[in-house]
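So the chains spell out like this:
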Amino acid sequence: MTTASPSPADSATRDYTQTLFLPQTAFPMRAGLPQKEPEILARWKAIGLYERLRAAAAGRPRFVLHDGPPYANGNIHIGHALNKILKDMVTRSQQMAGFDSNYVPGWDCHGLPIEWKIEEEYRTKGKNKDAVDPVEFRKECRAFAEKWIAIQSEEFQRLGVTGDWSNYYSTMAYHAEAQIAREIMSFAMSDQLYRGSKPVMWSVVEKTALAEAEVEYQDYTSDTVHIAFPIASVVPHPHGREHPQIDPLPHVLAEPAMLRRASIVIWTTTPWTIPGNRAIAYSPRIEYGLYCVDEAPEGNWARIGALYVLADKLAADVFKAAKVERFSRLAEVPAALLAGMTCRHPLSDRGYEFPVPLLAGDHVTDDAGTGFVHTAPGHGREDFDIWTANRTALEQRHILTAIPYTVDGDGFFTADAPGFTGKRILTDKGEKGDANSAVIAALSAAGTLVSRGRLKHSYPHSWRSKKPVIFRNTPQWFIAMDKPITPGVPRGSNEPDTLRNRALKAIRETRWVPASGENRITGMIEAKPDWVISRQRAWGVPIAVFYKDLGHGRIDILKDERVNTAIAAAFEAEGADAWFASADGARFLEPFGYSPKEWIKVTDILDVWFDSGSTHAYTLENSTHFPGLAGIHRKRDGGRDEVMYLEGSDQHRGWFHSSLIESCGTRGRAPFDVVLTHGFVLDEKGEKMSKSIGNVVAPQDIMKTAGADILRLWVAASDYSDDLRIGPKIVESFVDQYRKLRNTMRWMLGTLAHFRAEDRVEFAAMPELERFVLHRLAELEPQVRGAYAAFDYKKVVALLTQFMTSDLSAFYFDVRKDALYCDPASSAKRKAALCVVEYCFRSITTWLAPILVFTCDEAWLARYGNETDSVHLHLFEPADPMWRDDALAGRWQQIREARRVVTGGLELERAAKRIGSSLEAAPILHVADAPLRRILQEIDFAEVCITSSLKLRAGEGPKDAFRLADVPGIAVEARPAAGVKCARSWRYFDPATADTAFPDITPRDAQAMREWEAARRRAA
């Protein structure tokens, strides 16, 4: 090659731009997701993506995410978006990991919210619900739910959620209602279903019983009272051996007159329950004393000389509340004395003329109150439990044990509350009635009121109406938690085969994500009372059983499989309306010899949690949805089927809870193998979203302005195990993050426009830098797969974002742009780099596909151009194990650290405007470490640093050289590059080395030009 100077004419007229292998792609920089995503959804539908996914996965082990049904009564909110996007990430990632991961969406359709809506429409039209045929009313409820299922289905699909939208399940489908009926009949046949009279949480507003899962706790201001129960008699406890000796009695208590003047004092936040009082609970572990009021204001309720029995620890607080100015403790009151004591009711002068016994209770403490607990067995679970536990002993003492029905379903006092009949605890709007004030006035008139006040505290409210509930004794249907199941299943332990024990065992056998979920639901099941499953409403599945009234609160449930089969068959054909269309159920009874005059048809409907808790029975075991699934008795073992439930953390007491109990009762095990929970969505400040505050973020708005993939990136990158935050600033931050990821994909697509399959380079023939990048892919693949297997999408995003921005964009692509753009077509380095970019593209696109479903599919189509293909039809791109080279990685880690020093030094030069691009520099690098110098000498380190040249020298370097504190032993001196600037690649080079035909470019660029011109001649 001869040296010559280029002529001015040649330099001025030659344009090398068209000779470079610059990126070329139709994949736009501006995503336009709001417009593009619906087009991609339409393409998926056109190519039958869901059906092809099922066909491709046929025969693989199954990973099934069973959809917890949302309620069909309104547009989706941001919490729905979080939930459904997480579910889609699970199913897509499991599918691409090699499983058959089918997703069947479902809806919860029965229940009060829809029933209320129809009733509201009736009121607007002046119609009376009670005057409408129940079947007609139910049809209107069904139509309302169908409308919202269609709307929500479109909104969920717009999020990019792929599933069997044509064959969704719903709790109101005829076959579902039939199966729900079969499930409750199964409980009846195994003696787990019973009718009992117990205090239940009752919504006066909704006029129905509620389960714990339907209740939330809100602040509420209650009236509080201290009430005196006059002592009527003191008899040593018949089982005195179990208590301390009470002889001799303290000297004051030995005075009968003094004792007869004393009263037991209780404190309550529900004065209206006093008419239902039947006992007082105390604790043998608490120290009690007899106290005298020595000084009090005139007219005070607690008068001078009054004698009260109180817990010693709480006496001062009680007297302070009672405005007592001075008091004295007269004597100890032993627990054994309390055990045989009875009191008079504080309203005995108004017809409550029965003894009030004292009963020992473990729930009594001296943390607050008086050390005694007012016990109304018709108004509280603990009250009911202690009363029934002592029933036999009380009857022996000739104490009436019948539990009164003091409050009706509308919140009014009944005739069982003498003197208060017609007074109301709560109105039908959930507001306080006049019952409390009436009871307090009566206590004051009777002289048994000690003090009154107000207390703001946490109180149960219906989570639908948001109104307070009451506890009232009423006949309801229950599923027993501790009754041995008939016929039962072998347990292999001494524990009885009860529903509670089955559920606790199933919890231990389940994988909980996060693990803390196990303890949470275990505590709930351990403390769970019998499940109240009856509701006094119209829109739902009935408790499809008949019973015979045997009197005295006893019933006999009809157990005949022929009747059960007939009921289920009718439901399959007509839906649950068949039950309501037959007034007395004769159509189900008479064909089998039963009389409707003898057997009573239950008119209550099932708790909607029983409906959704049974979904496994009519979805997972339905061949339409999951053909070939092994049924509920499955557990992964070497690749067998596995089922996941995924919902918000509140579902430990909701759907997880009801599904666990229902399945354990009918199938002996949980319906799930894995349970994953997520938190709730808050605004940017961490506050709960509220329309009144104006901080609600709607997913529809985000999709209109930014796109669903931005929402999906937010979900994936957030720690869903805790509460998530979202708002305009947070959305914008994810738009920026998305833009960086998209631009990296766009650059790869543009570069790969020049890649030809025949130019592939074998791994062993690749330069070190390419082998290092492939090592990174081999290192990343198991990490990404592991993160997906652990449902750790935040880690997936972090791993790939770091790789794409740091390893690729800021390093590898930056270094290789010169070779990719400027090297000759025949360059082995360029071909190797193109191969690596292809590997990176396929890996990144498939690995990110479960998260950025639209973007990755758009990129896949842009790369391969097959309109009938989709990235979602492929598995995660594998990395060849032979690419893994930890020694090489360690070597390149040192190279990159040295590069950081050079880059840092050049940044200072650029900031001082002494250079423009790094190609204008020819730095001197001082390296003290000899092994590192050898490593840097073995590669083209100037190319790695993107400088026109670079000199290596031994030693620490001059004092004024640039250094990084965290990279010792390396210093750089910035020097300007010598020579002339290449007109094609912009590298500085010695013009004496130029090709005479191309004097203004480097010899490498000249070779590229010769090949380019030859290719043009061949093409012509």
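Scroll up for the structure.
I will try to describe carefully the structure that is included in this document. (Residues numbered from 1 in each chain as written. Predicted model: local features only at pLDDT ≥ 70, side-chain atom pairs only at ≥ 80, totals over all residues. Heavy atoms only, no water.)

A word on the nonpolar core
The condition that has to hold: Residues belong to one nonpolar core when they are buried, are Ala, Val, Leu, Ile, Met, Phe, Trp, Tyr or Cys, and are joined through side-chain atoms within 4.5 Å. For every residue, the accessible area (1.4 Å probe, protein chains only) is compared with the maximum for its type, and the residue is labelled buried under 20%, exposed over 50%, or partly exposed between those bounds. Strands are runs of DSSP state E lasting at least two residues, helices are runs of H or I lasting at least four, and both sets are numbered from the N terminus onward.
Core analysis: the biggest nonpolar cluster contains 151 residues, and Ile726, Phe791, Tyr812 and Phe941 have the highest contact counts within it. For this core, the element with the most residues is helix H26 (residues 793–822), which contributes 15 residues. One finds Ala181, Leu499, Ala503 and Val563 within the second-largest nonpolar core, a separate group that totals 66 residues.

With respect to empty space enclosed by the protein
Short version of the rule: Here a cavity denotes a set of grid points, spaced 1 Å apart and computed over the protein atoms alone, in which a 1.4 Å probe fits but from which it cannot get out, and a pocket denotes an open set meeting protein on both sides within 12 Å along at least five of seven lines; residues with an atom within 4 Å of a point are reported as lining. Grid points are joined across faces, edges and corners, and a volume is the space filled by probe spheres set on the points. Gly is placed with the polar residues, together with every amino acid not listed as nonpolar (Ala, Val, Leu, Ile, Met, Phe, Trp, Tyr, Cys and Pro) or charged (Asp, Glu, Lys and Arg).
This model, assessed by the stated rule, comprises six cavities of 30 Å³ or more. Contributing elements (two or more residues each) for the lining of the largest cavity: helix H3 (49–57) and helix H4 (78–96). Take the lining of the largest cavity: its biggest share by element is four residues, from H4. Taken together, the residues of the lining of the largest cavity sort by class into four nonpolar, five polar and two charged. Taken as a whole, the second largest cavity spans an internal volume of roughly 90 Å³. Considering the residues around the second largest cavity, the lining is formed by 14 residues, among which Gly111, Leu112, Glu214, Arg535 and Val608 are closest to the centre. Only strand E6 (208–210) and strand E24 (605–606) provide two or more residues apiece to the lining of the second largest cavity. Top contributing element to the lining of the second largest cavity by residue count: E6, with three residues. Its residues assigned to classes, the lining of the second largest cavity shows seven nonpolar, two polar and five charged.

Side note on the pattern of salt bridges
Just so we agree on the cut-off: One side-chain nitrogen of Lys or Arg within 4 Å of one carboxyl oxygen of Asp or Glu is enough to make a salt bridge.
This structure, assessed with the given rule, holds 70 salt bridges. For Arg587, the salt bridge is made with Glu574, and the minimal N-O distance between the two is 2.9 Å. Here the residue Arg587 occupies a position in helix H18 (residues 586–589), and Glu574 occupies one in helix H16 (residues 561–574), the gap between them amounting to 13 residues. Exposure remark for Arg587: the relative accessible area of 38% places this residue in the partly exposed category. Each of the salt bridges in this network shares a partner with another, and the network as a whole consists of Asp818, Asp823, Arg984, Arg987, Arg1004 and Asp1005.

Here's the deal with helix H32 (residues 1003–1019)
Operational definition: Given a helix with a known number of residues, its expected span is that number minus one, times 1.5 Å. We call two residues contacting when some pair of their heavy atoms lies within 4.5 Å.
The end-to-end C-alpha distance of H32 is 24 Å, a good match for the 24 Å that 17 residues give at a rise of 1.5 Å each. Among the residues of H32, those classed as buried are Asp1005, Ala1006, Ala1008, Met1009 and Ala1014. Against the buried residues of H32 lie H26.

Observations concerning the sheet that holds strand E5 (residues 193–203)
Going by this rule: When DSSP finds at least two bridges between two strands, those strands are taken to pair.
Taken in spatial order, the four strands of this open sheet run E6-E5-E17-E19, and their pairing is antiparallel. The sheet is open, and its two borders are formed by E6 and strand E19 (531–532), each paired with just one other strand. Pairing between E5 and strand E17 (residues 470–479): 10 bridges, direction antiparallel. Directly across from Gly196, in E17, lies its bridge partner Gln476.

Examining the sheet that holds strand E32 (residues 967–973)
What counts here: Axis geometry follows a simple rule: fit a line to the C-alpha atoms, using only the stretch in contact for helices, then measure angles between N-to-C directions, giving values from 0 to 180 degrees.
One open sheet accounts for four strands, arranged E30-E29-E32-E31; its pairing is mixed. Every other strand in the sheet has two partners, leaving strand E30 (951–954) and strand E31 (962–964) as the edge strands with one partner each. Across the sheet, the mean angle separating the axes of adjacent strands is 25 degrees when strand polarity is ignored. In this sheet, E32 lies alongside strand E29 (residues 924–927) in antiparallel orientation, the contact comprising four bridges.

Remarks on the packing of helix H24 (residues 728–752) against helix H27 (residues 828–848)
Working note: a packed helix pair is described by the angle between its axes plus the distance between those axes. This is how the line gets drawn: Any angle that falls under 35 degrees is termed roughly parallel, while one over 145 is termed roughly antiparallel, one within 65 to 115 roughly perpendicular, and all others oblique. It is the rotation of the near helix from the far one that decides the hand of a crossing: anticlockwise by less than a right angle makes it left-handed, clockwise makes it right-handed.
Orientation of H24 relative to H27, taken along the N-to-C sense of each, is 140 degrees, at an axis distance of 10 Å. Relative to H27, the element H24 lies oblique. With respect to the hand of their crossing, H24 and H27 are arranged in left-handed fashion. Contacts from Met745, Trp747, Met748, Leu749, Thr751 and Leu752 in H24 reach Leu834, Val837, Glu838, Cys840, Phe841, Ile844 and Thr845 in H27. Considered class by class, the residues forming the contact of H24 with H27 number 10 nonpolar, two polar and one charged.

Considering the packing of helix H23 (residues 708–717) against H24
At a closest axis distance of 9 Å, the pairing of H23 and H24 adopts a crossing angle of 100 degrees. Accordingly, the angle class assigned to the pair H23 and H24 is roughly perpendicular. Of the residues in H24, those touching H23 at Asp709, Ile710, Leu713, Trp714 and Ala717 are Ile730, Val731, Phe734, Val735, Gln737, Tyr738 and Leu741. Class assignment of the residues belonging to the contact of H23 with H24 gives a composition of 10 nonpolar, one polar and one charged.

Describing the pairing of strand E14 (residues 355–360)
Pairing analysis gives three bridges linking strand E9 (residues 279–282) to E14, with the strands arranged parallel. Bridge assignment links Ile280 to a residue of E14, and that residue is Leu358. Sheet topology places strand E13 (residues 341–344) next to E14; three bridges connect them, and they run antiparallel. For Arg344, the partnering residue across the bridge sits in E14 and is Pro355.

Regarding the packing of aromatic side chains
What counts here: Pairing of aromatic side chains requires ring centres within 6.5 Å, counting the rings of Phe and Tyr and the six-membered ring of Trp. Pairs whose planes differ by under 30 degrees are stacked, by over 60 edge-to-face, and all others tilted. Criterion for a charge above a ring: Lys NZ or Arg CZ within 6 Å of the ring centre, and within 35 degrees of the ring normal.
Summed over the entire model, instances satisfying the criterion amount to 40 aromatic pairs. With a centroid separation of 5.8 Å and an interplanar angle of 20 degrees, the aromatic rings of Trp579 and Phe588 are classed as stacked. The residues Trp579 and Phe588 share a single accessibility class, namely buried. An aromatic cluster is built from Tyr103, Trp107, Phe156, Trp165 and Tyr168, whose rings are joined through pairwise contacts. For Arg350, the ring lying beneath its charged end belongs to Phe420, and the centroid distance is 4.9 Å.

Observations concerning the layout of surface pockets
When its volume is computed, the largest pocket comes out at roughly 2,200 Å³. In terms of lining, the largest pocket is formed by 46 residues, of which the most central are His77, His80, Trp463, Lys466 and Asp650. Of all the secondary structure elements, the ones that give two or more residues to the lining of the largest pocket are H4, helix H5 (112–125), helix H6 (134–158), helix H19 (608–613), strand E25 (642–648) and strand E27 (681–682). Ranked by residue count, the leading element in the lining of the largest pocket is H4, at six residues. Within the lining of the largest pocket, the residues separate by chemical class into 20 nonpolar, 16 polar and 10 charged.

Quick notes on the environment of Val602
Structurally, Val602 can be placed in the loop between strand E23 (600–601) and E24. Taking the relative accessible area as the measure of exposure, Val602 reaches 4% and is therefore buried. In this structure the C-alpha to C-alpha distance between Val602 and Trp579, which are 23 residues apart in sequence, comes to 9.6 Å. Among all residues touching Val602, those that are not within four sequence positions of it are Trp477, Ile543, Val545, Tyr547 and Trp579.

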